[in-house]
Amino acid sequence: MGKFIVLEGLEGSGKTTVALYIVKILKSYGIKNVILTREPGSTPISEIFRTLIKYGKDGDQDPITSYAELLMFYAARVQLLENVIKPSLLKGIWIVGDRYDFSSYAYQGGGRRIDKYFIKNLSRVVLNNFRPDITFYLDISPKIGLSRIENKRKLDHIEKESMDFFNRVRLSYQALASENLNVVTIDASQTLNQVNSDVQYYIKKLLKI
Ligand code: T5A
């Protein structure tokens, strides 16, 4: 069996950068079969949900409701889980996931204030309690995180949310990190070298080296 490693955190916390670093170090330790996934996305259907969630359709004519957004995230996730993640792990392929289930608890639960027990039940039914082997939560203040991405590209639907929204998302992530096993909190305001070095320590532990 391969292992499932997940990166979580606010925009600009460095998930994509660190995910690429993890792939690199896994390969250097002899794990050659590694797939990088992103959520929402990484299957043809999930990528359609990604575009729809991020940019909507026909602008203000048909704004995405909070529940529709939540359900689309789970639709995209279950496609990825059943069609890519589970079959790959069974073949011994490792998965490095840029976001997974905690994102919905943090953004739709904390940010949009959807009842967390509703999300928990939805998650239990749809994902059948399938969990990563380890989750790295890259903790950063929204102010620093958003400043890292402000010049990147056109902001999407969620990136245009208020600072209060992102503060609630961060608080939810911090609560999830303290309540759940196999979650490692990394201070993502450190230099990238320090972040990578902290992550490498836990990857070596996972590999028992
Ligand atoms: N969402 C997603 C939900 O609401 N619910 C869900 O269930 C799911 C799955 C996804 C959006 O969907 C939401 C959350 C998001 O709003 P996305 O485009 O995939 O959108 O956006 P993000 O996942 O947030 O990705 P970002 O690219 O915005 O942020 P990353 O990946 O965390 O950051 P990264 O690695 O691209 O780095 C950003 C910049 O910072 C630099 C990098 O070089 C880069 O320039 N950087 C650092 N600089 C200084 N020090 C460090 N330690 C640095 N680390 C990185």
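It should be emphasised that the depicted structure is a prediction, and the values quoted were computed from it without experimental measurement.

1. Points about the layout of surface pockets
Part 1: Roughly 410 Å³ of internal volume is contained in the second largest pocket.
Part 2: If you trace the second largest pocket, you find 20 residues lining it, with Tyr105, Lys116, Lys120, Leu176 and Glu179 closest to the centre.
Part 3: No other element matches the 7 residues that helix α5 (residues 116–127) contributes to the lining of the second largest pocket.
Part 4: In the lining of the second largest pocket, the residues fall into 8 nonpolar, 6 polar and 6 charged.

2. Quick look at the nonpolar core
Part 1: Ile5, Ile22, Leu26, Tyr107 and Phe136 are the most contacted members of the largest nonpolar core, which totals 58 residues.
Part 2: Element by element, the count of residues in this core is highest for helix α3 (residues 66–90), at 9 residues.
Part 3: Setting aside its immediate chain neighbours within four residues, Leu26 contacts Ile5, Ile31, Val34, Trp94, Val96, Ile203 and Leu207.

3. Some points on the sheet that holds strand β5 (residues 183–187)
Part 1: Spatially, β2-β3-β1-β4-β5 is the arrangement adopted by the 5 strands of the open sheet, whose pairing is parallel. Only two strands of the sheet have a single neighbouring strand rather than two, namely β2 (34–38) and β5. Put simply, the sheet's adjacent strands are angled 20 degrees from each other on average, direction ignored.
Part 2: Sheet topology note: the β2/strand β3 (residues 94–98) ladder contains 5 bridges and is parallel. If you follow Ile35 over to β3, its bridge partner there is Ile95.

4. Structural notes on the side chain of Ser88
Part 1: Checked against the element boundaries, Ser88 lands in helix α3.
Part 2: Excluding anything up to four places from it in sequence, Ser88 contacts Ile35, Ile93 and Ile95.

5. A few points about the pattern of salt bridges
Part 1: For the structure on display, the rule yields 8 salt bridges.
Part 2: A salt bridge links Arg77 to Glu39; the nearest nitrogen and oxygen atoms lie 2.6 Å apart. Of this pair, Arg77 sits in helix α3 while Glu39 sits in the loop between β2 and α2 (44–55); the two residues are 38 residues apart in sequence, bridging distant segments of the chain. We note that Arg77, like Glu39, is buried.
Part 3: The salt bridge involving Arg112 is made with Glu161; its shortest N-O contact spans 2.8 Å. Of the two residues, Arg112 sits in the loop between α4 (101–111) and α5 while Glu161 sits in the loop between α6 (142–149) and α7 (163–179), which places them 49 residues apart along the sequence.
Part 4: A residue is classified by how much of its surface remains accessible, and Arg112, at 19% relative accessible area, is buried.
Part 5: Connected through salt bridges with shared partners, the residues Glu39, Arg77 and Asp101 form a single ionic network.

Conventions we followed
- Residues numbered from 1 in each chain as written.
- Predicted model: local features only at pLDDT ≥ 70, side-chain atom pairs only at ≥ 80, totals over all residues.
- Heavy atoms only, no water.
- 1 Å grid on protein atoms, 1.4 Å probe; cavity = no way out; pocket = protein on both sides within 12 Å on 5 of 7 lines; lining within 4 Å.
- Points joined across faces, edges and corners; volume = space filled by probe spheres on them.
- Helix = DSSP H or I, 4+ residues; strand = E, 2+ residues; numbered from the N terminus.
- Nonpolar A, V, L, I, M, F, W, Y, C, P; charged D, E, K, R; others polar.
- Core = buried A, V, L, I, M, F, W, Y, C linked by side-chain atoms within 4.5 Å.
- Buried < 20%, exposed > 50% of the residue type's maximum accessible area, 1.4 Å probe, protein only.
- Contact = heavy atoms within 4.5 Å.
- Pairing = 2+ DSSP bridges.
- Axes fitted to C-alpha atoms, helices over the stretch in contact; angles between N-to-C directions.
- Salt bridge = Lys/Arg side-chain N within 4 Å of Asp/Glu carboxyl O.

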